[in-house]
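Structural description and commentary
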Amino acid sequence: MDTRVENSSDLQTQIEEIEALSSIYGDEWCVIDEASRIFCIKISDDIYEPKWSACLQIILPEDYPSSAPPIYQINAGWLRGPDRVRLSNSLEELYLENVGESILYLWVEKIREFLMERSQCTNTAEEPETCRAAVTTEEQDEGWGDVPDYSSLKLSTEQAHLFSSSSADEEEMPPIKHGEAVTDRRSTFQPHLAPVVTPKQVQRVIDQLYENKKIASATHNIYAYRIYCEDKSTFLQDCEDDGETAAGGRLLHLLQILDVRNVLVVVSRWYGGILLGPDRFKHINNCARNILVQEGYAETTDEASKPGGKSRKPKNKKMK
C-alpha cells in the first residue's frame, strides 16, 4: 500500500479512536498537544472512591495502528520495580495480540484491572509486602496530579522496537558496572552503568539489576539511556523516574549535555527517612556523572577545562 494512503488511513483511525475514548472517559481523558498527538488519561480503581490511580501518557506515531504501537509512559509514584515491569509486559503482550488494531481502550482497561487487583490486595486483613505502596514523603508532597513534562515522551517512533516479537534472549547481555555509593542524611545513592545498543538490552539490564535483592529493595531506581542509530543519524532515548518525580528527565538531560551515546545509567536511591529536597537531584546526577567518567564515557571537569585539551566528545564504548 502507498505510504501516504496508509498514513491517511492511520490518521482517520486515530481520530475515530480518540473521539470514542473522549466519549467513554469524559473528564478523565485529556488532550495535551493535538498537533503532536499527545494525550493522557487518569485511570482509577474505582470511579467514586478511588484508592489507586495512575496516569497513562501516550504519543500516537504517524504509522499507528498499522505498523507501530503508541509510545507510552505510566506515571504513578507508588508503581515501582517488579510491579511496573509486570504491568508494562501485560500492555506489550496486548499489543502483540492485536497488532494493526486500535489498542488504547484495551490498555486503559488492563491498567484499571491492575489497579483493582491492587485495591483488593490491600483490603486483605494482613497487607502483603508486595502490595505496599512505598511512597516517601517527598513524593507525596509533589504528587502526580499535575501534568508532567512531556518532553521526554517526544521520542522517535523507533521505540516500536520495544515491542518487537523477537526474543530478548537473542540480545547480548551487556556487562554491568557499579559505581561508588554516596550517603547523605541516611539516604544512599549508587550508580550502575551498562553499554547498550538496543532497547531490548536496556530491559535485560534492568531485569538483571532487579535480580539483586539490595537493588530491588531500593526506594527508587531511576534510569535514562541514549542509543545512537547511525543509519538514520537519530537517537533512541528514554528515562524512568521510578517514583522520584522529575529525576529521570534530569538524568536524561545530563546524558544529552554530555553527548554520551549507547549507554544506560541507573541510579538507585535508598531513602533514609530525612527529606533532602533538591539535594537529591544533585546526588543522582553527580553519581551518574562519576560513573560515566569512571567508564570513559565523559571527561573529568579538569580534562574538559584544559586549553587545547581533549575534545568534549565522550569516548563511546562499543559492544564487542
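Computed from a predicted structure; not experimentally measured. (Residues numbered from 1 in each chain as written. Predicted model: local features only at pLDDT ≥ 70, side-chain atom pairs only at ≥ 80, totals over all residues. Heavy atoms only, no water.)

1. Considerations on the nonpolar core
Counting 29 residues, the largest nonpolar core has Trp-29, Leu-56, Ile-58, Ile-74, Leu-104, Trp-107 and Ile-111 as its most contacted members. Secondary structure elements with two or more residues in this core: α1 (3-25), β2 (38-44), β3 (53-59), β4 (71-75), α2 (81-97) and α3 (104-122). Here the element with the most residues in this core is α3; it accounts for 6 residues. Those residues in contact with Trp-29, other than ones at most four positions away along the chain, are Ile-18, Leu-21, Ser-22, Phe-39, Cys-40, Ile-41, Ile-58 and Leu-104. The next biggest cluster of nonpolar side chains, apart from the first, holds 24 residues, and it includes Leu-255, Val-260, Ile-284 and Tyr-297. (Core = buried A, V, L, I, M, F, W, Y, C linked by side-chain atoms within 4.5 Å. Buried < 20%, exposed > 50% of the residue type's maximum accessible area, 1.4 Å probe, protein only. Helix = DSSP H or I, 4+ residues; strand = E, 2+ residues; numbered from the N terminus. Contact = heavy atoms within 4.5 Å.)

2. Here's the deal with a nonpolar patch on the surface
A surface patch of nonpolar side chains, amounting to about 280 Å² of accessible area, comprises Ile-24, Tyr-105 and Leu-106. Inspection of the secondary structure puts Tyr-105 in helix α3. The class for Tyr-105 is partly exposed, based on a relative accessible area of 41%. (Patch = residues over 30% accessible without salt bridge, like charges linked within 9 Å, V, L, I, M, F, W, Y side chains within 5 Å. Areas by Shrake-Rupley, 256 points an atom, 1.4 Å probe, with all protein chains shown as cover. Salt bridge = Lys/Arg side-chain N within 4 Å of Asp/Glu carboxyl O.)

3. A look at the side chain of Arg-112
Tracing the backbone shows Arg-112 in helix α3. The contact partners of Arg-112, leaving out residues within four places of it in the chain, are Tyr-25, Glu-28, Ile-43 and Ser-44.

4. Regarding the pattern of salt bridges
In the structure shown here, the tally under the stated rule is 11 salt bridges. For Arg-112, the salt bridge is made with Glu-109, and the minimal N-O distance between the two is 3.5 Å. Separated by 3 residues within a single helix, Arg-112 and Glu-109 lie in helix α3, roughly one turn from each other. When its relative accessible area of 13% is taken as the criterion, Arg-112 is described as buried. Residue Glu-244 pairs with Arg-280 through a salt bridge whose shortest N-O separation is 3.0 Å. One end of the pair, Glu-244, is in the loop between β9 (234-240) and α7 (247-258); the other, Arg-280, is in helix α8 (residues 279-294), and 36 residues separate them in sequence. One exposure class covers both Glu-244 and Arg-280, and it is buried. Residues participating in the shared-partner salt-bridge network are Asp-83, Arg-86 and Arg-118.

5. Description of the environment of Tyr-64
With respect to the helices and strands, the residue Tyr-64 is situated in the loop between β3 and β4. Taking relative accessible area as the criterion, Tyr-64 reaches 0% and is therefore assigned buried. For Tyr-64 and Gly-100, which are 36 residues apart along the polypeptide, the C-alpha to C-alpha distance reads 7.6 Å. Ignoring sequence-local partners within four residues, the contact set of Tyr-64 consists of Asp-10, Gln-14, Glu-17, Pro-69, Pro-70, Glu-101, Ser-102, Ile-103 and Leu-104. For Tyr-64, the side chain forms a polar contact with the side chain of Glu-17, separated by 2.9 Å. (Polar contact = N/O pair within 3.5 Å; in protein donor to acceptor, adjacent residues only side chain to side chain.)

6. With respect to the packing of α7 against α8
Relative to each other, α7 and α8 sit at 35°, their axes nearing to 10 Å. With respect to the hand of their crossing, α7 and α8 are arranged in right-handed fashion. Residue-level contacts link Ala-247, Arg-250, Leu-251, Leu-254, Leu-255 and Leu-258 of α7 to Phe-281, Ile-284, Asn-285, Ala-288, Arg-289 and Leu-292 of α8. Residues belonging to the contact of α7 with α8 are distributed by class as follows: 9 nonpolar, 1 polar and 2 charged. (Axes fitted to C-alpha atoms, helices over the stretch in contact; angles between N-to-C directions. Left-handed = near helix turned anticlockwise from the far one by under 90°. Nonpolar A, V, L, I, M, F, W, Y, C, P; charged D, E, K, R; others polar.)

7. Some points on the confidence of the model for the protein
Parts of the prediction with low pLDDT should not have their coordinates interpreted in detail. The share of residues in the protein with pLDDT of 70 or more is 76%, and the mean pLDDT across the chain is 78. Confidence drops under a pLDDT of 50 for residues 125-137, and excluding neighbours within four residues, the segment shows 24 contacts in the predicted structure. Considering only residues more than four positions removed or in separate chains, one finds that residues 304-320, a stretch of pLDDT under 50, has 26 contacts. (pLDDT = per-residue confidence, 0-100.)

8. Some thoughts on the state of the cysteines
Overall, the coordinates contain 0 disulfides when judged by the stated rule. Cys-30 carries a free sulfur, and the closest cysteine sulfur to it, the one in Cys-40, is 4.1 Å from it. The class for Cys-30 is partly exposed, based on a relative accessible area of 26%. (Disulfide = S-S within 2.5 Å.)

9. Side note on helix α5 (residues 199-210)
Its 12 residues place the ends of α5 17 Å apart at the C-alpha level, agreeing with the 16 Å of an ideal helix rising 1.5 Å per residue. Among the residues of α5, Pro-199, Lys-200, Gln-201, Val-202, Val-205, Ile-206, Leu-209 and Tyr-210 are the ones counted as buried. (Expected span 1.5 Å × (residues − 1).)

10. Some thoughts on the pairing of β4
Counting buried residues in β4 gives 5 out of 5 residues, a clear majority hidden from the surface. Alternating positions in β4 separate into two faces, Ile-71, Gln-73 and Asn-75 on one and Tyr-72 and Ile-74 on the other, with burial throughout. Inspection of the sheet shows β3 paired to β4 by 5 bridges, in the antiparallel sense. Counterpart to Cys-55 in the pairing with β4 is Asn-75. (Pairing = 2+ DSSP bridges.)

11. Examining the packing of aromatic side chains
Taken as a whole and judged by the stated rule, the model has 4 aromatic pairs. Between Trp-29 and Phe-39, the aromatic rings sit 5.4 Å apart at their centres with planes inclined by 25°, giving stacked as the arrangement. Note that Trp-29 is positioned in strand β1 (residues 29-33) and Phe-39 in strand β2, a separation of 10 residues in sequence. Residue Trp-29 is classed as buried on the basis of its relative accessible area, which comes to 8%. Note on Phe-39: relative accessible area 1%, which makes it buried. Seen in terms of ring centroids, Tyr-72 and Trp-107 are 5.1 Å apart; in terms of plane orientation they differ by 65°. Their pairing is edge-to-face. Of the two residues, Tyr-72 sits in strand β4 while Trp-107 sits in helix α3, which places them 35 residues apart along the sequence. Using a relative accessible area of 16% as the deciding quantity, one classes Tyr-72 as buried. Here the guanidinium or amino end of Arg-118 rests over the ring plane of Trp-52, the centre of that ring lying 4.5 Å away. (Phe/Tyr/Trp six-rings, centres within 6.5 Å; stacked < 30°, edge-to-face > 60°. Lys NZ or Arg CZ within 6 Å of the ring centre and 35° of its normal.)

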